[in-house]
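Remarks on the overall topology
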Amino acid sequence: MILADKIMELRKQNGWSQEELAAQLNVSRQSVSKWESGYSIPDLERVIQLSQIFGVSTDYLLKDEIENDSENHEFVQSDDVRRIVSLEEANEFMELNAYCAKKFALATSMIISGTVPLIFMAGMAETWGYNEDVAGGIGCAIFIGLLTIAVMIYIFYGMKMDKYEHIQKEILQLQYGVSGVVEKKMQDHEKTYHLSITIGVALILIGIVPILIAGGFDAPDYIVILCVCFLLLLISIAVYLFIVSGDIQSGFEQLLQIKEYSIEKKQSEKKMKYVSTIYWCLVTAIYLGISLYYGNWGISWIIWPVTAVLYAVVQALCQLISSKK
């Protein structure tokens, strides 16, 4: 249990409202609300006051927080340059990440659903007696319009997230209390995450059923087209759920430096950045040298797919060497 939960639990055990507790501490009700929601942490003087008011030790209030923070940093090496992340910055990042996740998900759904008018107009032209070129042109115009809006959304909100790029790539050191707050928010989001994935998969499976039925009964082409459009619309909804829930979950993992954002993987990626630069510079030099020497550009291009496959081997070898160290 983190400090925020303990304050709320002890306050309720004493039958006090947030206003009553705030009055005893000589702070605003908003301050107590922020403590209990994890958006801020009381200073040491307030912690001492809380321990006296609730009749508990300061160790009881703080111990779990301290353990959480130490666990979060036990793998950080002393020679690593760490980026300090405060509770305020962490909360701002989580809020912006959740907000932008919805925008990115919307943009992706727009691209997927944008294919529906294109397929529908082109497919139904013969059935309705329209000119196929005109119908296809209208469908393409709608798709390009939605695609343009989606790209603008990606760029605009991607630039907003750029200020927090260090959270994903650099080794972090969370200030006191941040780890506990992030873990609590991740636990609260866990049910939503699992539910979103489940609903998304179910929608895709539901969308496939009409196509299978139409194929089994040898339905007319326009029925099949309608079934495909229906499937694409359900896929766009499923993708929206996947991206929103997944990006929010990813934000928590970035702050806690777990799974794909662990300290070990960040260190490995940092080393691979230099290996990658050297590798592709050498490949380019070899390609140009061989092509210019033999003058057979029509065959020398084969170097690129070969070196692309070899690059995966180089990455695996680097990771193996790094893990042994």
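Residues numbered from 1 in each chain as written. Predicted model: local features only at pLDDT ≥ 70, side-chain atom pairs only at ≥ 80, totals over all residues. Heavy atoms only, no water.

1. Details of the overall build of the protein chain
In plain terms, the rule: Under the scheme used here, helices are H or I runs from DSSP no shorter than 4 residues and strands are E runs no shorter than 2 residues, and both carry numbers assigned from the N terminus. The criterion used for residue contact is that any of the two residues' heavy atoms lie within 4.5 Å.
Across its full length, the protein chain carries 13 helices and two strands. Within the protein chain, contacts between residues at least 6 apart in sequence are counted, and of these 77% link residues at least 24 apart.

2. Here we look at helix H1 (residues 3-13)
Condition: Buried, partly exposed and exposed residues are distinguished by accessible area as a fraction of the type maximum, computed with a 1.4 Å probe on protein chains only: under 20%, between the cut-offs, and over 50%, respectively. By arc we mean the arc of the directions from the helix axis to the C-beta atoms, nothing more.
Inspection of H1 places Leu 3, Ala 4, Lys 6, Ile 7, Leu 10 and Arg 11 among the buried residues, and these make up the whole buried set. The buried residues of H1 occupy an angular sector of 165° when projected down its axis, which confines them to one face. Exposed residues pointing more than 90 degrees away from the buried face of H1 are listed as Lys 12 and Gln 13. One or two residues past the end of H1 sits Gly 15, with phi positive at roughly 70°.

3. Brief notes about the nonpolar core
What counts, and what does not: Residues belong to one nonpolar core when they are buried, are Ala, Val, Leu, Ile, Met, Phe, Trp, Tyr or Cys, and are joined through side-chain atoms within 4.5 Å.
With 33 residues, the main nonpolar core has Phe 93, Val 182 and Leu 255 as its most contacted residues. Sorting the residues of this core by element identifies helix H6 (87-128), helix H7 (132-161), strand E2 (172-174), helix H9 (178-216) and helix H10 (221-256) as the ones contributing at least two each. Per-element tally for this core: the top contributor is H6, with 13 residues. Contact partners of Val 182, with chain neighbours within four places excluded, come to Met 94, Phe 252, Leu 255 and Leu 256. By size, the runner-up hydrophobic cluster in this structure holds 14 residues, among which are Leu 3, Ile 7, Leu 25 and Val 27.

4. Let's talk about the pattern of salt bridges
Keep this limit in mind: By definition, a salt bridge exists where a carboxyl oxygen of Asp or Glu is found within 4 Å of a side-chain nitrogen of Lys or Arg.
Considering all chains together, one arrives at six salt bridges under this definition. Note that Glu 19 and Arg 29 form a salt bridge whose closest N and O atoms lie 3.8 Å from each other. Of this pair, Glu 19 sits in helix H2 (residues 18-25) while Arg 29 sits in helix H3 (residues 29-37), and the two are ten residues apart along the sequence. Among the residues examined, Glu 19 registers a relative accessible area of 46% and is labelled partly exposed. Note that Asp 188 is salt-bridged to Lys 184, the shortest N-O span being 3.5 Å. Of the two residues, Asp 188 and Lys 184 both sit in helix H9, four residues apart, roughly one turn of that helix.

5. Brief notes about the confidence of the model for the protein chain
How we decide: Residue-level confidence of the predictor, termed pLDDT, takes values from 0 up to 100.
Mean pLDDT over the protein chain: 83, with 90% of residues reaching 70 or higher. Mean pLDDT values over the elements of the protein chain span from 57, in helix H5 (residues 58-73), up to 93, in H10. The model gives residues 65-79 a pLDDT under 50, and that stretch makes 28 contacts with residues more than four places away or in other chains.

6. Things to note about the packing of aromatic side chains
What counts here: Stacked, edge-to-face and tilted are the three classes for Phe, Tyr and Trp ring pairs, Trp counted by its six-membered ring, which pair at centre distances within 6.5 Å; planes under 30 degrees apart are stacked, over 60 edge-to-face, the rest tilted. Criterion for a charge above a ring: Lys NZ or Arg CZ within 6 Å of the ring centre, and within 35 degrees of the ring normal.
Scanning the model with the defined rule gives five aromatic pairs in all. For the pair Phe 156 and Tyr 157, a centre-to-centre distance of 4.9 Å together with 85° between the ring planes defines the contact as edge-to-face. Classification of Phe 156 by relative accessible area gives partly exposed; the value is 46%. On the accessibility criterion, Tyr 157 (13% relative accessible area) is buried. Taken together, the ring pairs in this structure connect Tyr 99, Phe 156 and Tyr 157 into an aromatic cluster. Across the ring face of Tyr 60, the terminal group of Lys 6 is positioned such that the distance to the ring centre comes to 4.5 Å.

7. A few points about the environment of Tyr 193
Among the secondary structure elements, Tyr 193 is positioned in helix H9. Sequence-wise, Tyr 193 and Gln 249 are 56 residues apart; in three dimensions their C-alpha atoms are separated by 7.4 Å. Setting aside anything within four residues of it in sequence, one finds Tyr 193 in contact with Ser 245, Gly 246 and Gln 249.

8. Thoughts on the packing of H2 against helix H4 (residues 44-54)
Operational definition: A fitted line through C-alpha atoms represents every axis, and for helices the fit uses only the stretch in contact; the resulting angles, taken between N-to-C directions, go from 0 to 180 degrees. Angle categories: roughly parallel below 35 degrees, roughly antiparallel above 145, roughly perpendicular from 65 to 115, and oblique for all the rest. Take the far helix as the reference: if the near one is turned anticlockwise from it by less than a right angle, the crossing is left-handed, and if turned clockwise, right-handed.
Viewed as axis vectors pointing N to C, H2 and H4 meet at an angle of 115°, and their least axial separation amounts to 10 Å. In terms of orientation, H2 lies roughly perpendicular with respect to H4. Between H2 and H4 lies a crossing of right-handed hand. Where H2 abuts H4, its residues Leu 21, Gln 24 and Leu 25 lie against Arg 46, Gln 49, Leu 50, Ile 53 and Phe 54.

9. Observations regarding H2
Two residues of an α-helix separated by three or four positions point the same way, owing to the 3.6 residues in each turn. Every buried residue of H2 is listed here: Gln 18, Leu 21, Ala 22 and Leu 25. Taken down its axis, H2 places every buried residue within 100° of arc, on the same side. Where H2 is buried, its residues meet H1, H3 and H4. Where H2 ends, the next residue or the one after it, Asn 26, has phi of about 60°, a positive value.

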